[in-house]
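Read off the chains here:
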Amino acid sequence: MYADKAEPYTYKSQYIQNARLTGKNDSGIVGNDSDNVFVGNSGDNVIDGRKGNDVLQFSGASSEYAISKTANGVTVKDNQNRDGQDTAVDIEILRFTDKDVAVSTLG
C-alpha cells in the first residue's frame, strides 16, 4: 500500500486506507502514511502499518485470541482458527468484536 518509486504501478497505493486479505494463504500487507484499517485472512500474516494511526481488525472477541508483545511488534493468534496467527508491526489498535486494544497498553 505504499508507493515504491522503483515500481510505478504502486503510485496509487499511497492513497489506499483500508485493505483486506482474502483467501487462505499466508500473506501480508505493508501500509502507507495514512490511518489504515487492515483485515487479515485465515493464513498467518505479517501486517506492517508503517506510519499513521493503524488498526488491525479481527473477527472474534478479544478473549478468543492469544496476544503477545514481541521485539518486532505484537503476535495475535486466533484460538478458534478463523484468523490464523498475525504479526502486527507498527499497528496502534487491535480491534475485536467486543473492544479495541491499544498496543501501547500491552505489557
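In this text, all values refer to a predicted model and were calculated from it rather than measured experimentally.

Rules of the game
- Residues numbered from 1 in each chain as written.
- Predicted model: local features only at pLDDT ≥ 70, side-chain atom pairs only at ≥ 80, totals over all residues.
- Heavy atoms only, no water.
- Helix = DSSP H or I, 4+ residues; strand = E, 2+ residues; numbered from the N terminus.
- Buried < 20%, exposed > 50% of the residue type's maximum accessible area, 1.4 Å probe, protein only.
- Contact = heavy atoms within 4.5 Å.
- Phe/Tyr/Trp six-rings, centres within 6.5 Å; stacked < 30°, edge-to-face > 60°.
- Pairing = 2+ DSSP bridges.
- Axes fitted to C-alpha atoms, helices over the stretch in contact; angles between N-to-C directions.

> Just checking my understanding: could you explain the environment of Ser13 for this structure?
As for its position among the elements, Ser13 is in the segment before β1 (18-20). Residue Ser13 is classed as buried on the basis of its relative accessible area, which comes to 17%. For the pair Ser13 and Gly43, spaced 30 residues apart in sequence, the C-alpha separation works out to 23 Å. If we skip the residues at most four places from it in the chain, Ser13 touches Met1, Tyr2 and Asn32.

> What should I look at first to understand the environment of Asn53 in this one?
Within the secondary structure, Asn53 is located in the loop between β4 (45-48) and β5 (55-57). With relative accessibility at 44%, the residue Asn53 sits in the partly exposed group. Sequence spacing of Asn53 and Asp33 is 20 residues, and the spatial spacing of their C-alpha atoms is 8.8 Å.

> Sorry if this is basic, but what is going on with the packing of aromatic side chains here?
Enumeration according to the criterion identifies three aromatic pairs in this entry. A centroid spacing of 5.3 Å and a plane angle of 55 degrees characterise the contact between Phe58 and Tyr65, whose relative ring orientation is tilted. Neither residue differs from the other here; Phe58 and Tyr65 are each classed as buried. Measuring from ring centre to ring centre gives 5.1 Å for Phe58 and Phe96, while their planes differ by 15 degrees; the resulting arrangement is stacked. Within this pair, whereas Phe58 is found in the loop between β5 and β6 (65-70), its partner Phe96 is found in the loop between β9 (93-95) and β10 (100-102), the two being separated by 38 residues in sequence. Both residues of the pair, Phe58 and Phe96, belong to the buried class. One aromatic cluster in this structure is built from Phe58, Tyr65 and Phe96.

> How should unusual backbone geometry be read in this particular structure?
Backbone phi values are negative for most residues with the exception of glycine, while trans is the configuration of most peptide bonds. Despite not being glycine, Asn81 has its phi angle at roughly 60 degrees, a positive value. As for its placement among the helices and strands, Asn81 is situated in the loop between β7 (73-78) and β8 (85-89).

> Looking at this model, I keep getting lost on the sheet that holds β5. Mind explaining?
Two pairing modes exist for strands in a sheet, parallel and antiparallel, and in both the strands are linked by backbone hydrogen bonds. Pairing is mixed across the open sheet formed by five strands, whose spatial order is β1-β3-β5-β9-β10. Single-partner strands in this sheet number two, and they are β1 and β10. Between one strand axis and the next, the sheet turns by 20 degrees as a mean value, whatever way the strands run. Relative to β10, β9 runs antiparallel, the two being bridged by three bridges. Considered in β10, the bridge of Arg95 is made with Asp100.

> How do you make sense of the pairing of β8 when you look at a structure like this?
A regular strand carries its side chains on alternate faces of the sheet. For β4 and β8, the ladder comprises four bridges, and the chain directions are parallel. Counted as the bridge partner of Asn45 is Asp86 from β8. As paired elements, β7 and β8 share four bridges and run antiparallel to each other. Residue pairing in the sheet places Val76 in a bridge with Asp86 of β8. Counting the residues that bridge the hairpin from β7 to β8 gives six residues, and of these Asn81 lies at a positive phi of roughly 60 degrees.

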